[in-house]
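If you want the building blocks of each chain, they are given just below.
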Amino acid sequence: RTSLGLYRILSRIISAESKRKGTTTNGTSSGYIMLQPPLDHRDYGQARLIDSNKCMLWGNGNNITVLSPPSSSVSDGGESQHGDEYIQKILSFSKNWTENDDAKEEKIVGNFDELFGISPNDDEDNDDEDEDDVNYDDLSLYVSPFDLRCALRKGFHNSFDEDGKDNDNDNDNVTKRDIIHMQRFAIDSINLLEEQLRMNDRTSISTDEERGIRVVAVSKCIGVSSSGHHGLKVGPDVKYRFAYRIRIENFNKPENEEDGSDSECSSTVQLLGRTWKILEDENEYSKSGNDTDVDDQREVNVVAPTTGAVGSLPVIRPGQAFEYMSGCELGSLTGTMSGCFHMAIVDADTECGQVGDPIDAFNLPKDKHFEMEVEPFKLVAEEV
């Protein structure tokens, strides 16, 4: 009954999250969860442009989305209206971030994809330019608890029968090796799901529907720095180090994709700079042992409207996203970060820049400039 036990553990995690958000497991309310690539501190200081159409799938939310959603996430039959393809992507996302390198090298997969109904990530027969090709290393999904439950049911449907007994002997297509691999996948999925829920609590999503810009921000505590305290996490010199990942998505339709009109020139934007407000929670000072004057430490403002982000002033065209990772320090265990990006609407043929380059966008009329607000996201050091 190992499979049934793992199923119940995952089911309880999903149910608990659904209740915590004030939602029901039939998906009738709006407690959505973002599944996103784990934050890797080795990407600190890095920046890149990526194809947002292949890495951002929004199952619900505002009317301007990469993936057009139904009005409700649940059909009358108790299945996700996002469809089987969307549920497969949830399973593929989980597989991508749980299958370790040893398993890939030893090819311990058996009938894994067939068992879970997962389409292969890479199809050699597909053209490289195929629009449906998804980069699972970059993929983010906006899902409801009910979508997760549908994926859970699909992942386990061949594992055990209605009486809760392992089904490895009743289906010729399911071998003992498949069941063991599935159980390993389920155990890793428990850790992945718990990590995703923690990340979700530290994530903010900000959307400018008029301009077609969306910002997803997430943070993670990556360590503690101190001097003169032998590594102890207390004292006035303790600083908690955080990394945060920002993804700025231009979800306007690329030129001529929708109606043949040349609208890309009015939808292309350039990131010029940023302003941050970093708040340290006052009531955390006693816990961290930091007795520095709270009034001097509680708020830190970063005003840099002309220096881009990590040295880059990227041009983000429709269908693209700019992603980078940077960091900050807190003297308290928890805090929040919010602010805005200073941006300009530019011509489609504008080139990306670096700090120090001549940037024509700075000389554009004021009506071409705008600020993209970034909703507060949490900084939490409890995992250190």
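On a predicted model such as this, the values are computed, not experimentally measured, just so you know. All residue numbers refer to position in the chain's written sequence, counted from 1. Thresholds applied to this predicted model are a pLDDT of at least 70 for local features of residues and 80 or more for the giving and counting of side-chain atom pairs; totals over whole chains, interfaces and linings are not thresholded and use all residues. Side-chain figures throughout are based on the complete set of non-hydrogen atoms in the structure, without hydrogens or water.

Next up on the list: the overall build of the chain. The number of helices and strands found in the chain is eight helices and 15 strands. Within the chain, the proportion of its 384 residues that are buried is 49%. Residue contacts are defined here by distance: any two heavy atoms, one from each residue, within 4.5 Å place the two residues in contact. A fraction of 80% describes how many contacts in the chain between residues 6 or more apart in sequence connect residues 24 or more apart. Elements are defined by DSSP. Helices are runs of H or I of four residues or more, strands are runs of E of two residues or more, and each kind is numbered from the N terminus. Each residue gets one of three labels from its accessible area relative to the maximum for its type: buried under 20%, exposed over 50%, partly exposed in between, using a 1.4 Å probe on protein chains only.

For the rest of this paragraph, the subject is the pattern of salt bridges. Take a side-chain nitrogen of Lys or Arg and a carboxyl oxygen of Asp or Glu: if they are within 4 Å of each other, that pair is a salt bridge. Per the counting criterion, the structure on display carries eight salt bridges. Linking R48 and E323 is a salt bridge whose minimum nitrogen-to-oxygen distance equals 3.0 Å. Here E323 lies in strand β12 (residues 320-330) and R48 lies in strand β2 (residues 47-51), a separation of 275 residues in the sequence. Judged by its relative accessible area of 34%, R48 falls in the partly exposed class.

A separate point is the sheet that holds strand β5 (residues 203-208). Paired through backbone hydrogen bonds, the strands of a sheet run either parallel or antiparallel to each other. One requirement defines pairing of two strands: DSSP has to find at least two bridges between them. Ordered in space as β2-β12-β7-β6-β5, the five strands form an open sheet in which the pairing is antiparallel. On the outer flanks of this sheet lie β2 and β5, each paired with one strand and no other. Along the sheet, successive strands turn relative to each other by an average axial angle of 25°, direction set aside. The pairing of β5 with strand β6 (residues 213-225) spans six bridges and is classified as antiparallel. Within β6, the residue paired with S204 across the bridge is A217. All axes here are fitted lines through C-alpha atoms, helices being fitted over the stretch that makes contact, and every angle between N-to-C directions spans 0 to 180 degrees.

With that out of the way, let us pick up the side chain of R274. Within the secondary structure, R274 is located in strand β8 (residues 269-280). Polar contacts, as counted here, are pairs of nitrogen or oxygen atoms within 3.5 Å of one another; within protein the pair requires one atom able to donate a hydrogen and one able to accept it, and residues that are adjacent in sequence qualify only if both atoms are side-chain atoms. A distance of 2.9 Å separates the side chain of R274 from the side chain of T307, its partner in a polar contact. A distance of 3.0 Å separates a polar atom in the side chain of R274 from the backbone oxygen of G308. Each residue touching R274, except ones within four places of it in the same chain, is listed here: V302, V303, A304, P305, T307, G308, C340, F341 and H342.

Quick look at the confidence of the model for the chain now. Here the chain averages 77 in pLDDT, and 67% of its residues register 70 or above. A score between 0 and 100, pLDDT records how confident the predictor is in each residue. Here residues 60-77 is a poorly scored stretch, pLDDT under 50, and it has 40 contacts once near neighbours within four places are set aside; other chains count. Taken together, the stretch residues 121-131 has pLDDT below 50 and engages in seven contacts with residues farther than four places along the chain or on a different chain.

Centres within 6.5 Å are what make two rings of Phe, Tyr or Trp a pair, Trp counting through its six-membered ring; a difference in plane orientation under 30 degrees is then read as stacked, over 60 as edge-to-face, and the rest as tilted. Tallying each qualifying case throughout the model produces eight aromatic pairs. Aromatic pair Y244 and W276: ring centres 5.7 Å apart, planes at 65°, arrangement edge-to-face. Within this pair, whereas Y244 is found in strand β7 (residues 239-250), its partner W276 is found in strand β8, the two being separated by 32 residues in sequence. We classify Y244 as buried; its relative accessible area is 4%.

Okay, helix α1 (residues 2-20) next. To estimate the expected span of a helix, count its residues, drop one, and scale the result by 1.5 Å. For α1, with 19 residues, the first-to-last C-alpha span of 27 Å sits near the 27 Å given by 1.5 Å per residue. Buried residues of α1: S3, L4, L6, Y7, L10, S11, I13, I14, S15, E17 and S18, and no others. Buried-residue contacts for α1 involve β1 (33-35), α5 (145-156) and α6 (176-201).

Let's shift gears to the packing of helix α2 (residues 84-98) against α6. Interaxial distance between α2 and α6 falls to 9 Å at its minimum, and their mutual angle equals 100°. Judged on the interaxial angle alone, α6 and α2 are roughly perpendicular. Packed against α2, whose contacting residues are L91, F93, S94, K95, W97 and T98, the element α6 presents F185, D188, S189, L192 and Q196 at the interface. In this count, Pro and Cys sit with the nonpolar residues alongside Ala, Val, Leu, Ile, Met, Phe, Trp and Tyr, while Asp, Glu, Lys and Arg are called charged and the others, Gly among them, polar. Grouping the amino acids of the contact of α2 with α6 by side-chain chemistry returns five nonpolar, four polar and two charged. Oblique is the label for any angle not under 35 degrees, not over 145, and not in the 65 to 115 range, which are roughly parallel, roughly antiparallel and roughly perpendicular in turn.

Regular strands place their side chains on alternate faces of the sheet. Judged by how many residues are buried, β12 sits mostly within the fold: eight of eleven residues are covered. Here β2 pairs with β12 via five bridges, running antiparallel. Along β12, the bridge assignment pairs A47 with Y324. Pairing of β7 with β12 involves ten bridges; the strand directions are antiparallel. Opposite Y240, over in β12, you have L330 as the bridge partner.

A few words now on the packing of α1 against α5. The N-to-C vectors of α1 and α5 enclose an angle of 175°; their axes lie 10 Å apart at closest approach. Put simply, α1 runs roughly antiparallel to α5. Of α5, the residues touching α1 (which contributes S3, L6, Y7, L10, S11, I14, S15 and S18) are P145, L148, R149, L152, R153 and F156. Considered class by class, the residues forming the contact of α1 with α5 number eight nonpolar, four polar and two charged.

What follows deals with the nonpolar core. Put simply, a nonpolar core is a bunch of buried Ala, Val, Leu, Ile, Met, Phe, Trp, Tyr and Cys residues held in one set by side-chain atoms that sit within 4.5 Å of each other. Counting residues in hydrophobic clusters, the biggest one holds 30 residues, and the most contacted among them are I246, I248, W276, F341 and M343. Of all the secondary structure elements, the ones that give two or more residues to this core are β6, β7, β8, β12, β13 (334-345) and β15 (369-380). Among all residues touching I248, those that are not within four sequence positions of it are I213, R214, V215, L271, I316, Q320, A321, F322, F341 and M343. Formed by 28 residues, the second largest nonpolar core is a distinct cluster that contains I87, F93, F156 and I190.

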